[in-house]
Amino acid sequence: MDDEIAEAEGSHEPTEFKKAPRRAVASGWVGSALEYYDFFVYATAASLVFPDVFFPKGNPKLAIIESLATYGVGYAARPLGALFLGRWGDKHGRKNVLVACMLAMGSATFLVGLLPTYAAIGYFAPILLVVLRLIQGFAVGAELSGASAMIVENSPFGRRGYYASYTLQGTQGGQLIAAGVFLPLYFTLSTSAMDSWGWRIPFLLSSVVVVVGYIIRRNVDETPAFKEAANHGAVPKNPVYEAIRLSWPNMVRVMCISLMNGVATLATTFGGTFATNSAYGVGMNTRLYLFIPVIGNAIAMVLIPYIGSLSDRIGRRPCIIVGSLGAGILAYPYLYFIGHDNVPVTIFFAVLMWGCIYQGYNAVFPSLFQEMFPTRTRVSSFAIAQNIGVLITAFLPSTYAAIAGPAPAACVANKKFLPNAIVNGTTCSHLALGVHTHVLWVVGSITFGLAILSAIAAFTAKETFMIHLNDCGEEWAQPVSQEEYAKARLAAVA
């Protein structure tokens, strides 16, 4: 087939089996898009719908915290999924684990759409919601590591950053589809209809996700690197133990770099609650706010392959460092303009922060993380370390709501903010201004602090873009010469 690439004999790339980069990219892109459609449908509902559907009314702050906490619970299960599914991917192949992830995720998401609400069964509703969210998190624990391993191990030397970036373009596509499903519902249904049954539609559509994703992933071959390792008896008996024993410094770096997920949770989850929930007194229109993920993801999808290709020319670390610090500092103006209910400028900074600058990290981490570990433990090392880092940021939205929470419950009636109501001798509008300032400096500073830690971790990592795949993750690995790398890139691009 035209897609098949044979590496030169004697090189430090897998040579026993041909690579198929385009088929791997197609599988990784579509699979990640469908998988993360499920995950981000939940994120959107958790910030915009679930506080009023699955939790008791009367205390808006508690409802917000509980709803955002169920979002974080999904991330809590991801390290456990990474341990089990990452180990499976290193012992039995990348293809098998990706099929398992797809089936588990899609089934859990579909069942969320069938759950009865708090009004119907009381506290059993949020309990069941948490159980399904745990299954979602478990399933997605090895998705990125497995999908990007599938692509990187099929990519020609000199183009790994470009091809691997499509994994994240797929996840952005999934977010775009999730927002695209919610938008027409919000524009065509009343608030009462949306709260009663409209929110279920995006979850029930995941039945289509399961069927399509299963067909796509079942028809993709195993990677040349894994097949070569299996043929030579190089598959470890306990890849998790070996990963921790031999690669723990790089696993710690991956954990720290992954703290950049704090920007994504700010933009997609807490930002939506801060802007649209009546308890914060901002009052942005939910329908307008949903355009932020649509615009941001659309721009990100365009930028990601270019930034991935840029990392093949200048290296992984510069892209991640600039993306981390740039996106982190932009958290301040983003939150400031939400607090001032300035929709156009809020959208501008959200798109600049998350849709543009953040992609310096987002487009490049799949290739960097894969290249930091050897083939025999690549999926386990990536999955465990990245998901622990992401877990640290997962409960940030509920933490923000707790420490920089909304105005008192007395300031809200029938889901409407009462600016002139008096609470403890102060108007609610004055209380809201204090909340907005607190959000700006507390939430903004935490986000920027995480970005700084991510940049420092990336700076201490070894540059990997000029290291052959079979040498990646080894202490003795050395980059090839500039001349050799330029020839390899020229051949790969051709």
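Nothing here was measured: the structure is a model prediction, and the numbers come from that model.

What is meant by a disulfide is a covalent connection between two cysteines, made through their sulfur atoms. Tallied over the entire structure, the rule returns one disulfide. Between the sulfur atoms of Cys411 and its disulfide partner Cys428 the distance amounts to 2.0 Å. Handedness of the Cys411-Cys428 disulfide follows from its S-S torsion of about -85°: it is left-handed. With a gap of 17 residues between them, Cys411 in the loop between helix 24 (396–403) and strand 1 (412–413) and Cys428 in helix 25 (residues 428–460) connect regions that are remote in the sequence. Just as Cys411 is buried, Cys428 falls in that class too. Left unpaired, Cys319 is separated from the closest cysteine sulfur, that of Cys356, by 15 Å.

Burial of nonpolar side chains together is a common tendency in soluble globular proteins. Counting 112 residues, the largest nonpolar core has Phe50, Phe54, Trp199, Tyr334, Met353 and Val439 as its most contacted members. With eleven residues, helix 1 (residues 21–48) is the single largest residue contributor to this core. Apart from the residues lying within four places of it in its own chain, the contact partners of Met353 are Val263, Leu266, Ala267, Ala327, Leu330, Ala331, Tyr334 and Tyr358. Membership of the second largest hydrophobic core comes to 14 residues, among which are Ala24, Tyr162, Tyr163 and Tyr166.

A few words on empty space enclosed by the protein. Per the counting criterion, the structure on display carries three cavities of 30 Å³ or more. Space inside the largest cavity adds up to approximately 230 Å³. If you go around the largest cavity, you meet 21 residues; those closest to its centre are Tyr36, Phe40, Asn261, Tyr358 and Asn362. Breaking the lining of the largest cavity down by element, the ones donating at least two residues are helix 1, helix 3 (60–76), helix 9 (160–188), helix 15 (261–276), helix 21 (359–362) and helix 23 (378–394).

Attention now goes to helix 10 (residues 191–198). For helix 10, every residue scored as buried is listed here: Ala193, Met194 and Gly198. Taken end-on, helix 10 shows its buried residues confined to a sector of 100°, consistent with a single buried face. Summarising the geometry of helix 10, the exposed residues directed more than 90 degrees from the buried face are Thr191 and Ser192.

With respect to the helices and strands, Glu13 occurs in the segment before helix 1. In this structure Glu13 comes out as buried when scored by relative accessible area, which is 1%. Of the polar contacts made by the side chain of Glu13, one reaches the backbone nitrogen of Leu469; its length is 2.8 Å.

A few words on the side chain of Glu371. Of note, Glu371 is situated in helix 22 (residues 365–371). Within the structure, the side chain of Glu371 is placed 2.6 Å from the side chain of Arg316, a separation counted as a polar contact.

This brings us to the pattern of salt bridges. Evaluated as defined, the whole model comprises 13 salt bridges. Across the salt bridge formed by Asp221 and Arg23, the nearest N and O atoms sit 3.9 Å from each other. One end of the pair, Asp221, is in the loop between helix 12 (206–218) and helix 13 (224–231); the other, Arg23, is in helix 1, and 198 residues separate them in sequence. Here Arg23 falls in the partly exposed class, since its relative accessible area comes to 29%. Residues Asp312 and Arg316 are paired through a salt bridge, measuring 2.8 Å at the closest nitrogen-oxygen approach. With respect to class, Asp312 is no different from Arg316; both count as buried. In the salt-bridge network here, residues are joined through shared partners; they are Glu13, Lys19, Arg160, Asp312, Arg316 and Glu371.

Once that is clear, we can look at the packing of aromatic side chains. All chains considered together, the criterion is met by 20 aromatic pairs. Summarising the aromatic geometry, the rings of Phe270 and Tyr400 are spaced 5.3 Å apart at their centres and angled 75° between planes, so their arrangement reads as edge-to-face. With a gap of 130 residues between them, Phe270 in helix 15 and Tyr400 in helix 24 connect regions that are remote in the sequence. A centroid spacing of 5.0 Å and a plane angle of 20° characterise the contact between Tyr361 and Phe365, whose relative ring orientation is stacked. Exposure remark for Tyr361: the relative accessible area of 1% places this residue in the buried category. An aromatic cluster is present here, built from Tyr358, Tyr361, Phe365, Phe369 and Phe382 joined pairwise through their rings. A cation over a ring is seen here: Arg159 above Tyr163, with NZ or CZ 5.8 Å from the ring centre.

Let us look at unusual backbone geometry. Positive phi outside glycine occurs at Asp341, with the angle close to 50°. Take Asp341: its relative accessible area is 37%, and that puts it in the partly exposed class. Even without being a glycine, Asn424 presents a positive backbone phi close to 55°. Considering the arrangement of structural elements, one finds Asn424 in the loop between strand 3 (422–423) and strand 4 (426–427).

Analysis parameters
Residues numbered from 1 in each chain as written. Predicted model: local features only at pLDDT ≥ 70, side-chain atom pairs only at ≥ 80, totals over all residues. Heavy atoms only, no water. Disulfide = S-S within 2.5 Å. Helix = DSSP H or I, 4+ residues; strand = E, 2+ residues; numbered from the N terminus. Buried < 20%, exposed > 50% of the residue type's maximum accessible area, 1.4 Å probe, protein only. Core = buried A, V, L, I, M, F, W, Y, C linked by side-chain atoms within 4.5 Å. Contact = heavy atoms within 4.5 Å. 1 Å grid on protein atoms, 1.4 Å probe; cavity = no way out; pocket = protein on both sides within 12 Å on 5 of 7 lines; lining within 4 Å. Points joined across faces, edges and corners; volume = space filled by probe spheres on them. Arc of directions from axis to C-beta. Polar contact = N/O pair within 3.5 Å; in protein donor to acceptor, adjacent residues only side chain to side chain. Salt bridge = Lys/Arg side-chain N within 4 Å of Asp/Glu carboxyl O. Phe/Tyr/Trp six-rings, centres within 6.5 Å; stacked < 30°, edge-to-face > 60°. Lys NZ or Arg CZ within 6 Å of the ring centre and 35° of its normal.

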